[in-house]
Amino acid sequence: GGFAGFGTNNFFNHTGVLTYTGVKKLSYWTYYELAQWLKNVQWTKLAEATPVQGGSNVHVITAPDSLGRTSAVVWWDYYRESGSGDSTTVKVQLTTGVTSAQISTMVAARANGASVNSSTDFAPRNYTCDASNVVTFKVGHNPIVIRPTPLHSLTAPAGVFANR
């Protein structure tokens, strides 16, 4: 059996987020992480941002979370830089008052999606911001997600929910 009668080695088994047998691929988990990030931000306010440090091949997409704090997805087009290493140092400006952030990968370091453990492969690392609310980290060949911490607060800044 294969997908739609085409067998196991066909176009449809080499694209998408599931194999023809329904096994989750690495792309499934990447989309899952992106959806989790979008679920927790005001995605109608997505914006491109320039990193404080990182070069022209580092890209940052930001959006405020429900408390108005900057969250971001960051990736590095390493293939555009000759002789680039495994990672580059990036600095991103976060919202005033944010003193730390959790940073996690969007692509699990696994050979295939079947071996992904969603609770450990995407475990965030904690980073402290400097006095100017800038977080410094390394981004490698896979995109990462930045979430301000603490992740939840009891009160939201004025006007955060004005568009709802």
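Residues numbered from 1 in each chain as written. Predicted model: local features only at pLDDT ≥ 70, side-chain atom pairs only at ≥ 80, totals over all residues. Heavy atoms only, no water.

Student: How should I be thinking about the pattern of salt bridges in this particular structure?
Tutor: Side-chain pairs of opposite charge can arise where the charged atoms are in close proximity. For the structure shown, the criterion picks out two salt bridges. Between Arg69 and Asp65 there is a salt bridge, with its nearest N and O atoms 2.9 Å apart. This pair shows no difference in class: Arg69 is buried, exactly as Asp65 is. Between Asp77 and Arg80 there is a salt bridge, with the nearest N and O atoms lying 3.7 Å from each other. Residue class for Asp77 comes out buried when judged on its relative accessible area of 11%. (Salt bridge = Lys/Arg side-chain N within 4 Å of Asp/Glu carboxyl O. Buried < 20%, exposed > 50% of the residue type's maximum accessible area, 1.4 Å probe, protein only.)

Student: Sorry, what's going on with the pairing of strand β2 (residues 58–64) here?
Tutor: The element β2 is extensively covered by neighbouring structure, given that five of its seven residues are classed as buried. Here strand β1 (residues 47–49) pairs with β2 via three bridges, running antiparallel. By the bridge assignment for β2, Glu48 is matched with Ile61. Sheet topology note: the β2/strand β3 (residues 70–76) ladder contains seven bridges and is antiparallel. Paired with Ile61 across the strands is Val73, a residue of β3. Between β2 and β3, which pair antiparallel one after the other, the connecting turn spans five residues, and Gly68 there sits at a positive phi close to 85 degrees. (Helix = DSSP H or I, 4+ residues; strand = E, 2+ residues; numbered from the N terminus. Pairing = 2+ DSSP bridges.)

Student: What is the right way to read a nonpolar patch on the surface from this model?
Tutor: On the surface, Val17, Leu18 and Tyr31 cluster together to form a nonpolar patch covering roughly 270 Å² of accessible area. Its location among the elements puts Tyr31 in helix α1 (residues 26–39). Residue Tyr31 is classed as exposed on the basis of its relative accessible area, which comes to 54%. (Patch = residues over 30% accessible without salt bridge, like charges linked within 9 Å, V, L, I, M, F, W, Y side chains within 5 Å. Areas by Shrake-Rupley, 256 points an atom, 1.4 Å probe, with all protein chains shown as cover.)

Student: Just checking my understanding: could you explain the environment of Pro51 for this structure?
Tutor: Relative to the helices and strands, Pro51 resides in the loop between β1 and β2. Taking the C-alpha atoms as reference points, Pro51 and Val74, separated by 23 residues in sequence, lie 9.3 Å from one another. Those residues in contact with Pro51 that sit more than four places away from it in its chain are Val58, Val60, Val90 and Lys91. (Contact = heavy atoms within 4.5 Å.)

Student: So what exactly am I meant to see when it comes to the nonpolar core here?
Tutor: A general tendency of soluble globular proteins is for nonpolar side chains to be buried together. If you look at the biggest cluster of nonpolar residues, it comprises 18 residues, and the most contacted ones within it are Val74, Val92, Leu94, Val135, Phe137 and Ile146. Residue contacts for Ile146: discarding those within four places in its chain leaves Trp37, Ser71, Ala72, Val74, Val92, Leu94, Ala101, Gln102, Ile103 and Phe137. (Core = buried A, V, L, I, M, F, W, Y, C linked by side-chain atoms within 4.5 Å.)

Student: Would you take a moment to explain α1 for this structure?
Tutor: For an α-helix, 3.6 residues make a turn, and residues three or four places apart therefore share a direction. If you check α1, its first and last C-alpha atoms are 20 Å apart, about what 14 residues at 1.5 Å a residue would give, namely 20 Å. Summarising the contacts, the buried residues of α1 are in contact with β2, β3, β5 (100–105) and β8 (144–149). (Expected span 1.5 Å × (residues − 1).)

Student: Is there a simple way to explain unusual backbone geometry in this structure?
Tutor: Leave glycine aside and you will find that most residues have negative phi; peptide bonds, for their part, are mostly trans. Of note in the backbone geometry, Asn133 takes a positive phi value of approximately 65 degrees without being a glycine. Topologically, Asn133 is positioned in the loop between β6 (125–128) and β7 (134–139). Its relative accessible area of 11% is what places Asn133 among the buried residues.

Student: Explanation requested: the sheet that holds β2 in the structure shown.
Tutor: Strand order in the open sheet formed by six strands is β1-β2-β3-β8-β5-β6, with antiparallel pairing between adjacent strands. Of all strands in the sheet, those with a lone pairing partner are β1 and β6, marking the two edges. Here the average twist between neighbouring strands, direction ignored, is 30 degrees. Those strands touched by α1 are β2, β3, β5 and β8, and its axis lies near 30 degrees from that of β8. (Axes fitted to C-alpha atoms, helices over the stretch in contact; angles between N-to-C directions.)

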